Amino acid sequence: MSIVFLVLFGLMLIGVPVAFAIMSSGVAYLAITDTNVAVLAQRMVYGMNSFTLLAVPLFILVGNLMDFGGISKRLTDWAKSLLGWLPGGLGVVTVFSCAIFAALTGSGPATVAAIGSIMLPAMTKAGYSKETSAGLVASAGALGPIIPPSIPMIVYGVTMNLSIPAMFVAGIIPGLVIAGALSIVNVIFAYRNPEVLKYAGTIKFDGTYCLKMFWKALGALGLPVLILGGIYGGIFTPTESAAIGIVYALILGFALGELKVKDLPKILISSLKTSTMVNFIIAAASLFSWVVSKSQIGVTISQAFISMVAGSRTIYLLALVVILLIVGCLMDNIAATLILAPIMIPVGIKLGCSPLHLGMLFCICLVVGFVTPPFGYNLFTAISISGLNFKQIVRGSLPFLLVEIALLFVFAFAPGIITWLPVLIGFKI
């Protein structure tokens, strides 16, 4: 099996796309064990044969419809009218806007692109450095896959047979905690920068204008209510909710005059590119999961992991967070979920941890990887919209990233933050 991992990580290190690296490692196993190559196609097709996974491309399309349809600007305008007068108000607006847009799309990079393109110029004008502005947007964009709906949660739920609605509920409180922490760091930054405070002093709160902006954003705010309310109310499944979200986004975009028929081809092509990449990774990882199972390497790694933590739940949780942070630096989160979750999570369950707590902790750790160099999707998205180089983006995001990493350990050892709301609603943890 050493040749399999050598091929996997060797190809990734030289820049081969993740899906091809995973698939090549699977092919290497088939070659050295003289297994029929037809297994390659069979396992990849089997990995995609899931009704629930249909929600992934559908939610990607919802996010693009809301972005191209100008809905994100309505959200940020309302957030500015409500919070823009605070010290560091535009930074708070950025976090707040990312949190709302996250509830519409479930995608970190989409959140960074939509909110960042609007808020970066405004924050720079308000006295923020370009580095700090882009770093905050990249960090706040991590809220996308934490606040439901969430594509990583859907993939994890399918992989580990865990209730996706329960995971959606469990993501709400951690998402809000992270948003609050990022806002506090931003306010501290504002008080240390006179230019930011000076700009905030020029803005006055206007209740009438705030209500006007809220009315303009009301249609967009109805989407998460429709999606999440329908799921939790048992009216439709996560996959069906994504399809309903597409219909709602189309009707809203055309009704508001923000969406044009000529935009649809561009939206569909963009959605197709993103969903194809995600689904190809899922298919390739299905082959790799079969290889891990067939070779018993998963059992070997699991036993080694149990020996390492010495039966201690505390050591296990520490090791889980650290390992996932390292993996998040190097590997796509969906591939990491499909490969590592079946190996690492059963160990924690044997130690008495809640499957829902572990599932959410697993997803949040990998989502923070969106902001962690060298692989962070959000960092690359921030580069594309800001014009800064990679080093500048990393420097700007560092204070916010450190706060997010610290919160991972809080979530690990205070499981009630994750499980309280699902238990209150009635989900089993």
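Numbers given for residues are sequential positions, taken from 1 along each chain in its written order. The model is predicted, so local features are restricted to residues of pLDDT at least 70 and side-chain atom pairs to those at 80 or more, both for listing and for counting; the totals for chains, interfaces and linings are taken over all residues. With hydrogens and water set aside, each side-chain value is computed from the structure's full complement of heavy atoms.

Selection rule: UniProt positions are given in the numbering used here, feature names are shortened, and annotations may be inferred rather than shown by experiment.
As annotated in an unreviewed UniProt entry, the chain is C4-dicarboxylate transporter, DctM subunit from Acidaminococcus fermentans. Recorded under Subcellular location (unreviewed entry), the UniProt text for the chain is reproduced unchanged: "Cell inner membrane".

Structural notes on the side chain of Ser139
Worth spelling out the cut-off: Strands here mean DSSP runs of E at least two residues long; helices mean DSSP runs of H or I at least four residues long; both are numbered from the N terminus. Two N or O atoms count as a polar contact when they lie within 3.5 Å, although within protein this holds only if one can serve as hydrogen donor and the other as acceptor, and sequence-adjacent residues are included solely when both atoms are side-chain atoms. When checking whether two residues touch, look at their non-hydrogen atoms; a contact exists if any pair is within 4.5 Å.
Mapped onto the elements of the fold, Ser139 is located in helix α8 (residues 130–140). Among the polar contacts made by the side chain of Ser139, one reaches the main-chain carbonyl oxygen of Gly135 at a distance of 2.9 Å. Apart from residues no more than four positions distant in its own chain, Ser139 is found in contact with Leu182, Val371, Ser397, Phe400, Leu401 and Glu404.

Here we look at empty space enclosed by the protein
As a reminder of what qualifies: Method remark: on a 1 Å grid restricted to protein atoms, a set of points is classed as a cavity if a 1.4 Å probe fits but cannot get out and as a pocket if it is open with protein on both sides within 12 Å along at least five of seven lines; lining residues have an atom within 4 Å of a point. Grid points are joined across faces, edges and corners, and a volume is the space filled by probe spheres set on the points.
The full count for this structure, using the stated rule, is two cavities of 30 Å³ or more. In this model, the second largest cavity occupies a volume close to 40 Å³. If you go around the second largest cavity, you meet 10 residues; those closest to its centre are Gly88, Gly89, Leu90, Val196 and Tyr199. Every element with two or more residues in the lining of the second largest cavity is listed here: α6 (89–105) and α12 (194–201).

Remarks on the packing of aromatic side chains
The following threshold applies: Paired rings are identified among Phe, Tyr and Trp, the last through its six-membered ring, by centres lying within 6.5 Å, and are further divided according to the angle between planes into stacked (under 30 degrees), edge-to-face (over 60) and tilted (the rest). Only protein chains enter the calculation, and the probe is 1.4 Å; a residue is then buried if its accessible area is under 20% of its type maximum, exposed if over 50%, and partly exposed in between.
This model, assessed by the stated rule, comprises four aromatic pairs. Relative to Phe96, the ring of Trp78 lies with its centre 5.8 Å away and its plane at 50°, an arrangement referred to as tilted. Of this pair, Trp78 sits in helix α5 (residues 71–83) while Phe96 sits in helix α6; the two residues are 18 residues apart in sequence, bridging distant segments of the chain. A relative accessible area of 12% means that Trp78 is categorised as buried. Taken together, a centroid distance of 5.5 Å and an interplanar angle of 20° make the contact between Tyr128 and Phe189 stacked. Here Phe189 lies in helix α11 (residues 172–191) and Tyr128 lies in the loop between α7 (108–125) and α8, a separation of 61 residues in the sequence.

Regarding the environment of Ile3
On the secondary structure map, Ile3 appears in helix α1 (residues 2–13). With relative accessibility at 34%, the residue Ile3 sits in the partly exposed group. Linking Ile3 and Tyr29, residues 26 residues apart in sequence, is a C-alpha distance of 7.8 Å.

As for the pattern of salt bridges
The condition that has to hold: The rule for a salt bridge is simple: a side-chain nitrogen of Lys or Arg has to be within 4 Å of a carboxyl oxygen of Asp or Glu.
Within the structure shown, the criterion is met by one salt bridge. A salt bridge links Glu131 to Arg395, with the shortest nitrogen-to-oxygen separation between them at 2.6 Å. Taken together, the residues Glu131 in helix α8 and Arg395 in helix α21 (residues 390–413) connect sequence positions 264 residues apart. For Arg395, a relative accessible area of 43% puts it in the partly exposed group.

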